[in-house]
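Residues per chain are reported as follows:
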Amino acid sequence: MTEQNFLKDVALLADLSERDKQALVEGLEERFFHAGNVILHAKDTSAHFFLIKSGKVKISLRSDETEREVTLTYLKPGDFFGEMAILDGEPRSAAATATTDTIALVGAREHFLTKLGENPQVALNLLAIMSQRLRRADQQIEDLAFLDVQGRVARMLLEMAEREGEETEVGILVPLHHTRQELANLVSTSRETLTRVLKLFERLAFIKLGRKRVMLTNIPRLQKKTL
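What you see is a predicted model, and the numbers here were worked out from it, not measured in a lab.

Regarding the environment of R92
Then step 1. With respect to the secondary-structure elements, R92 resides in the loop between α3 (83-88) and β7 (95-98).
Then step 2. According to the relative accessible area criterion, R92 is buried, its value standing at 6%.
Then step 3. Not counting the four nearest positions on each side in its chain, R92 is found in contact with L40, H41, A42, K43, D44, S46, A47, H48, F50, G82 and A85.
Then step 4. A polar side-chain atom of R92 sits 2.9 Å from the main-chain carbonyl oxygen of G82.

Dropping the structure here:
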């Protein structure tokens, strides 16, 4: 991926000229992380901002007492993380782990805050993205509190369809960018339970599973699972 194509997909830099985009990433250090490397630990006091150039990063929380881990989201090229600790100066709120070999552009707190001050549009984009993330986190909390595993899987499929589904004559085609284990982590269940639920939905003709994709064939029935 060229630098220009990479910057095109960065929502944080939306509505900026190519010149302004290049100026904003100047001074960022390119770092490589092997798959499995923990980039940030929860409660770390480091203050760096990370912009993913390639690879995939898992954002998660882990209980020290039960050793249970909850996956909040997976981030892809063009996404960023680490902004909260930079803005409020508090320790990291979650862990970030490279799930594939990953390249990120990394900047220090001072650099990030300076660029925000110089570009009000970037600050507005940041607020919008953080608001979207907060809404998703609220939905995850609500789902964990009130939905059983079938409801959580149905909600996940519907959200994926809304974000990147393609309408066809027989339903909505959704590409699957995650492994079964990663999908299970997103709904706080085991891989085996997720597989059973997906096969049940397929038997009920709610979905049709394919290789790295799923066809949602009965949206109303999936929606009922989330009520």
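Some remarks on the pattern of salt bridges
Then step 1. By the definition in use, this model includes 9 salt bridges.
Then step 2. With its nearest N and O atoms 3.1 Å apart, the salt bridge here joins K53 to E30. Here E30 lies in strand β1 (residues 29-33) and K53 lies in strand β3 (residues 48-54), a separation of 23 residues in the sequence.
Then step 3. Residue K53 is classed as buried on the basis of its relative accessible area of 15%.
Then step 4. As a salt-bridge pair, D143 and R155 come within 3.2 Å of each other at their nearest N and O atoms. Taken as a pair, D143 in helix α5 (residues 120-146) and R155 in helix α6 (residues 149-164) lie far apart in primary sequence, 12 residues in all.

Focus: the sheet that holds β1
Then step 1. The 4 strands are arranged β1-β8-β3-β6 in an open sheet whose pairing can be described as antiparallel. The sheet is open, and its two borders are formed by β1 and β6 (80-81), each paired with just one other strand.
Then step 2. By the bridge criterion, 2 bridges tie β3 to β6 in an arrangement that is antiparallel. Directly across from L51, in β6, lies its bridge partner F80.

Thoughts on helix α8 (residues 191-203)
Then step 1. Its 13 residues give α8 an end-to-end C-alpha distance of 18 Å, which sits within 8% of 18 Å, the value for a rise of 1.5 Å per residue.
Then step 2. Along α8, the residues classified as buried are T193, L194, T195, V197, L198 and F201.
Then step 3. Elements that come into contact with the buried residues of α8 comprise α6, α7 (180-186), β11 (207-210) and α9 (219-225).
Then step 4. A205 occupies a position one or two residues after α8 and carries a positive phi of about 65°.

A closer look at the packing of α6 against α8
Then step 1. In contact at an axis separation of 10 Å, α6 and α8 are set at 75° when each is read in the N-to-C sense. In terms of orientation, α6 and α8 fall into the roughly perpendicular class. Note on element contacts: α8 touches α6 through T193, L194, V197, L198, L200 and F201, opposite V149, Q150, V153, A154, M156 and L157.

Some remarks on α6
Then step 1. Between its first and last C-alpha, α6 extends 23 Å over 16 residues, near the 22 Å set by a 1.5 Å rise per residue.
Then step 2. When we look at burial in α6, the residues that qualify are G151, R152, V153, A154, R155, M156, L157, L158, M160 and A161.

Here's the deal with the packing of aromatic side chains
Then step 1. Counting across every chain of the model gives 5 aromatic pairs.
Then step 2. Ring centres of F50 and F81 lie 4.9 Å apart, and the angle between their planes is 5°; on these two criteria the pair is classed as stacked. Placement of the pair is F50 in strand β3 and F81 in strand β6, with a sequence separation of 31 residues.
Then step 3. Exposure remark for F50: the relative accessible area of 3% places this residue in the buried category.
Then step 4. Classification of F81 as buried rests on a relative accessible area of 4%.
Then step 5. Ring centres of F201 and F206 lie 5.6 Å apart, and the angle between their planes is 40°; on these two criteria the pair is classed as tilted.
Then step 6. Taken together through their ring pairs, the aromatic side chains of F33, F50 and F81 make up a single cluster.
Then step 7. It is K56 that lies over the ring of Y74; its NZ or CZ is 5.8 Å from the centre.
Then step 8. Sitting above the plane of the F80 ring, R133 keeps its charged end 4.4 Å from the centroid.

Each value, and the rule that gives it
Residues numbered from 1 in each chain as written. Predicted model: local features only at pLDDT ≥ 70, side-chain atom pairs only at ≥ 80, totals over all residues. Heavy atoms only, no water. Helix = DSSP H or I, 4+ residues; strand = E, 2+ residues; numbered from the N terminus. Buried < 20%, exposed > 50% of the residue type's maximum accessible area, 1.4 Å probe, protein only. Contact = heavy atoms within 4.5 Å. Polar contact = N/O pair within 3.5 Å; in protein donor to acceptor, adjacent residues only side chain to side chain. Salt bridge = Lys/Arg side-chain N within 4 Å of Asp/Glu carboxyl O. Pairing = 2+ DSSP bridges. Expected span 1.5 Å × (residues − 1). Axes fitted to C-alpha atoms, helices over the stretch in contact; angles between N-to-C directions. Parallel < 35°, antiparallel > 145°, perpendicular 65-115°, else oblique. Phe/Tyr/Trp six-rings, centres within 6.5 Å; stacked < 30°, edge-to-face > 60°. Lys NZ or Arg CZ within 6 Å of the ring centre and 35° of its normal.

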